[in-house]
Amino acid sequence: MQHKTASLQINTTLLHDIILHMEKEIKLIVCDVDGTILPSGKYEISERLREDFHKAMKKGIKVLINTGRHYTFLPQSFFKDLPMDRIGTINGACLVDRNGNPIEKHPMSEKEMNDFIEISDKYGIGLGFKFEDSVVTYANHEIFMGGYVSKDDPRRSLIIDDTQKRTHHLEHGYPLGTFLICDEDVITPVKKDFPNIVFAWSCKRGYDAFLKSVTKADSIIPVLKENNITWDNVIAFGDAGNDTPMIAKAGIGVAMGNSKDDVKEYADIIADTCENDGVAKVLEDLKLV
């Protein structure tokens, strides 16, 4: 089904059609994390959304978390609140099971890794690579830490500083993802030199950088195959540029109210903001719960 309206409003007739379609065919709810189901500074989803997810699952609808985060950076509350058997991580580069074991992964090449290191050294960018086992800094560690985690965040201890030797990949394979900390005026001139890389704004001074050939949509494909369903059976929620591939492919694509306009252009529905429980409101309005 294709209902890409690129509009902030949906007329009553279209909404009715979507509701009928979803009641019959939606089998998978896919959600980004930050800015979608988890507001900034929070470590748990709302009680309302938690209840809605469980209501949906009782109806036979699966829930897939699909995030740019590394597995080790997922809130522990997720494992208590949701019976997750598959988790999309690192912007589609790694699908893992509940215990973090990779099911499918897409590492970058040595050249791509070195290109990121080169621009980070040249422009003073905080560079963190997401390897299979951990997040590891390869350039400007303190800049990366200052933009990636707050000073009181207990996850700071999970990040490995390898800015001197840069040898983590020799044991653990090439990185599966990249996160850059810098100002927008630094990233803007860099983009033109990397036509095969997407630089997606993720947070203040933070950018996910990933191959155009590997996106969050890739995490979903094995789950579709496992459950013998198609993209028409998916409703996908996201708020940032790295979410647009899955929003565009889903039978129902939903952009959060706090999304930038370039994300909303791909959506069928514009939800309320993350802070206002936009995901829960859409699930309820569309009678999925």
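For the structure itself, consult the block above.
Residues numbered from 1 in each chain as written. Predicted model: local features only at pLDDT ≥ 70, side-chain atom pairs only at ≥ 80, totals over all residues. Heavy atoms only, no water.

Visitor: Could you clarify how one ought to interpret the sheet that holds strand 4 (residues 94–97) in this entry?
Guide: Pairing between sheet strands relies on hydrogen bonds along the backbone, with the strands arranged either parallel or antiparallel. Ordered in space as 5-4-3-2-1-12-13-14, the eight strands form an open sheet in which the pairing is mixed. In this open sheet, the two strands that pair with only one neighbour each are strand 5 (102–105) and strand 14 (269–270). Bridging between strand 1 (residues 28–31) and strand 2 (residues 62–66) involves four bridges; their strand directions are parallel. Across the sheet, residue I29 finds its bridge partner in strand 2, namely V63. Contacts from helix 11 (residues 278–285) reach strand 1, strand 12 (234–238), strand 13 (252–255) and strand 14, with the element oriented near 155° to strand 12. (Pairing = 2+ DSSP bridges. Helix = DSSP H or I, 4+ residues; strand = E, 2+ residues; numbered from the N terminus. Contact = heavy atoms within 4.5 Å. Axes fitted to C-alpha atoms, helices over the stretch in contact; angles between N-to-C directions.)

Visitor: Looking at this model, I keep getting lost on the state of the cysteines. Mind explaining?
Guide: Two cysteines joined by a covalent bond between their sulfur atoms form a disulfide. Per the counting criterion, the structure on display carries zero disulfides. Its sulfur unpaired, C274 is 10 Å from the next cysteine sulfur, which belongs to C31. Judged by its relative accessible area of 5%, C274 falls in the buried class. (Disulfide = S-S within 2.5 Å. Buried < 20%, exposed > 50% of the residue type's maximum accessible area, 1.4 Å probe, protein only.)

Visitor: Where do I start with the packing of helix 2 (residues 47–58) against helix 11 in this structure?
Guide: Axis angle and axis distance: for two packed helices, these are the angle between their axes and the distance between the axes, and together they describe the pair. With their axes 9 Å apart at the nearest point, helix 2 and helix 11 run at an angle of 40° to one another. The orientation of helix 2 relative to helix 11 falls into the category oblique. Helix 2 and helix 11 meet at a crossing whose hand is left-handed. The segment helix 2 lies against helix 11, with R48, L49, D52 and F53 engaging V279, A280, K281, L283 and E284. Its residues assigned to classes, the contact of helix 2 with helix 11 shows five nonpolar, no polar and four charged. (Parallel < 35°, antiparallel > 145°, perpendicular 65-115°, else oblique. Left-handed = near helix turned anticlockwise from the far one by under 90°. Nonpolar A, V, L, I, M, F, W, Y, C, P; charged D, E, K, R; others polar.)

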